[in-house]
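Tertiary structure, described
So you can see what is in the structure, the chains are spelled out below.
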Amino acid sequence: MPHNLPPDATGLITIDLDAVQANWRALAALVAPAACGAVVKADAYGLGAAPLLLAAGVAPVLSSLAEVEEWACEAFRVGRAVPAALQIDSGLNRLGLSAAEVKALAAKPEVLAALDLRLVMSHLACADDPSDPHNAKQRAAFNRRRAMLPPVPASLAASDGLMLGPPYHFDLVRPGYALYGGQAFRGGATPVSPVVTVQARILQIRTLKAGESVGYSATWVAKRPSRIAIVSAGYADGMARALSAASGKKGASVMVAGQRAPIVGRVSMDLITVDVTDVTGELRRGELVTLIGPELPIEAMGRAAGTIGYEVLTRLGPRFVRRHTGGGRI
Ligand SMILES: *Cc1c(COP(=O)(O)O)cnc(C)c1O
């Protein structure tokens, strides 16, 4: 078998750490003099956080008064202030101290003194859309609420918000998705490059006569003699069933031997079926086809599946072998 994959692996996810670093540098240059962080939640967006996490002594982000008080107790236990970042809500109504909680905290100097507060942050709800009035409203609420707290560095923007321009950069931006090559912002191109290639194997090539169907519920019928590649990734691997072709709807595309080819029939648990009739050249069992890559952006698969690229990335299953390339020091 080529490519040295274990026989039970669905395929290969290649993560170019040099590209992650280049993306970080591009974003850091864009937002200077603000600093640029790196968000690695959800196991670095499904790509593997361990090779990306260099930092020790990281400060936890405290997102409620209860968390603040628990962490402050830790400070009393160790006898010194403990490093912390504080998340305050500015209108997303997800995590973060409410306005009332910020006020309550501001009235507890002994709790504040227990924290070595390094950052006050909040998160935007609608930053992918530059015309959304939520953005300015949240920014104003953030400024009002953080004014009640000690004057520490502030952070509001993630991958999309940093594209809203300098008024949203504050001291630090917190990109996640953009580091991994994602285009979160709808108002223009984020200056980052693809990081991830997702590939799966051709298990078989079948020949169909006109009139024969492919897959469950026989949703796709060959209009001409056809060649179908059976590829080793399905919805159990994160290839959404919504990528299926149905009557009147083309399936999403993949790249086979450098050529675009449509998914036909239903995506099944472990397999997709791809019409390779028009792909030129000899195709071989074991060959890798590309599901996500430079010509097949994460967002395109998100749209085709009725979701967003973030969900596509973080759902890529554990049966893909993850291989990290590059990655010298920044
Ligand atoms: C996920 C998240 C980020 C990063 O978001 P991206 O859109 O991936 O850049 C930043 N801040 C908070 C609070 C988050 O939850």
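Bear in mind that the values here come from a model prediction, so they are computed numbers and not experimental data. (Residues numbered from 1 in each chain as written. Predicted model: local features only at pLDDT ≥ 70, side-chain atom pairs only at ≥ 80, totals over all residues. Heavy atoms only, no water.)

**Brief notes about the site of the ligand**
Not every one of the 14 residues close to the ligand is listed here, only the nearest: Lys41, Tyr45, Ser159, Tyr177 and Tyr310. Within the side chain of Arg174, one N or O atom sits 3.0 Å away from a nitrogen atom of the ligand. Within the backbone of Gly176, one N or O atom sits 2.8 Å away from an oxygen atom of the ligand. (Near = heavy atom within 4 Å. Polar contact = N/O pair within 3.5 Å; in protein donor to acceptor, adjacent residues only side chain to side chain.)

**Let's talk about the pairing of strand β11 (residues 226-231)**
Of all six residues that make up β11, five are buried, and the element is covered over most of its length. Two strands pair when backbone bridges link them, and strand β8 (residues 196-208) and β11 are joined in this way by six bridges, in the antiparallel orientation. Within β11, the position partnered with Ile202 by the bridge is Val231. Of the pairings in the sheet, the one linking β11 to strand β14 (residues 272-275) comprises four bridges and is antiparallel in character. The residue bridging Ala229 from the neighbouring strand is Val274, located in β14. (Buried < 20%, exposed > 50% of the residue type's maximum accessible area, 1.4 Å probe, protein only. Helix = DSSP H or I, 4+ residues; strand = E, 2+ residues; numbered from the N terminus. Pairing = 2+ DSSP bridges.)

**Digging into helix α6 (residues 134-146)**
For α6, which comprises 13 residues, the first-to-last C-alpha distance of 18 Å matches the rise-based estimate of 18 Å (1.5 Å per residue) to within 8%. Residues Asn135, Gln138, Ala141, Phe142 and Arg145 constitute the buried set of α6. Considered in projection along α6, the buried side chains sweep an arc of 130 degrees and stay on one side of the axis. Opposite the packed face of α6, turned more than 90 degrees from it, sit the exposed residues Lys137 and Arg144. (Expected span 1.5 Å × (residues − 1). Arc of directions from axis to C-beta.)

**Regarding the nonpolar core**
Counting 84 residues, the largest nonpolar core has Leu86, Leu105, Val256, Ile272, Val274, Leu291 and Leu313 as its most contacted members. Broken down by element, this core gets its largest block of residues, six residues, from helix α1 (residues 17-31). Shared between two domains, this core takes at least three residues from each, and those domains are domain 1 (39-174) and domain 2 (196-325). Membership of the second largest hydrophobic core comes to seven residues, among which are Val214, Ala222, Ile228 and Val264. (Core = buried A, V, L, I, M, F, W, Y, C linked by side-chain atoms within 4.5 Å. Domains from an automatic or database assignment.)

**Overview of the domain arrangement of the chain**
You can read the domains of the chain as domain 1 (39-174) and domain 2 (196-325). Inter-centroid distance (C-alpha atoms) of domain 1 to domain 2 is 40 Å. With seven residues of domain 1 at the contact, the number on the domain 2 side is six residues. Here domain 1 is connected to domain 2 by zero salt bridges. At the junction of domain 1 and domain 2, the tally comes to two residue pairs in polar contact (both at pLDDT 80 or more). A class-by-class count of the residues in the side of domain 1 that touches domain 2 yields four nonpolar, three polar and no charged. (Contact = heavy atoms within 4.5 Å. Salt bridge = Lys/Arg side-chain N within 4 Å of Asp/Glu carboxyl O. Nonpolar A, V, L, I, M, F, W, Y, C, P; charged D, E, K, R; others polar.)

**Points about the environment of Ser193**
Note on placement: Ser193 falls in the loop between β7 (172-173) and β8. Measuring from C-alpha to C-alpha, the distance between Ser193 and Gly181 comes to 5.2 Å, with 12 residues separating the pair along the chain.

**Some thoughts on the pattern of salt bridges**
Tallied over the full model, the rule gives nine salt bridges. Of the charged contacts in the structure, one is a salt bridge between Arg118 and Asp116, with a shortest N-O distance of 3.0 Å. In this structure Arg118 comes out as partly exposed when scored by relative accessible area, which is 41%. Since its relative accessible area comes to 30%, Asp116 is described here as partly exposed. Salt-bridge contacts for Asp275 lead to Arg224; the nearest nitrogen and oxygen are separated by 3.8 Å. Residue Asp275 is found in strand β14, and its partner Arg224 is found in the loop between β10 (220-221) and β11; the two are separated by 51 residues along the sequence. Several salt bridges share partner residues, and in doing so they unite Arg224, Asp275 and Asp278 into one network.

**Section: the packing of aromatic side chains**
One pass over the full model with this rule turns up four aromatic pairs. When the centroid spacing of 5.0 Å and the interplanar angle of 35 degrees are considered together, the rings of Tyr45 and Tyr180 count as tilted. Here the residue Tyr45 occupies a position in helix α2 (residues 41-45), and Tyr180 occupies one in the loop between β7 and β8, the gap between them amounting to 135 residues. Residues Tyr45 and Tyr310 carry aromatic rings whose centres are separated by 6.2 Å and whose planes lie at 45 degrees to one another, so their mutual orientation is tilted. Taken together, the positions of Tyr45 in helix α2 and Tyr310 in helix α8 (residues 309-315) put the pair 265 residues apart, joining distant regions of the chain. Residue Tyr310 is classed as partly exposed on the basis of its relative accessible area, which comes to 27%. The lysine or arginine in question, Arg139, covers the ring of Tyr168, its NZ or CZ lying 5.7 Å from the ring centre. The ring of Phe142 carries Arg146 above its face, with NZ or CZ at 5.6 Å from the centroid. (Phe/Tyr/Trp six-rings, centres within 6.5 Å; stacked < 30°, edge-to-face > 60°. Lys NZ or Arg CZ within 6 Å of the ring centre and 35° of its normal.)

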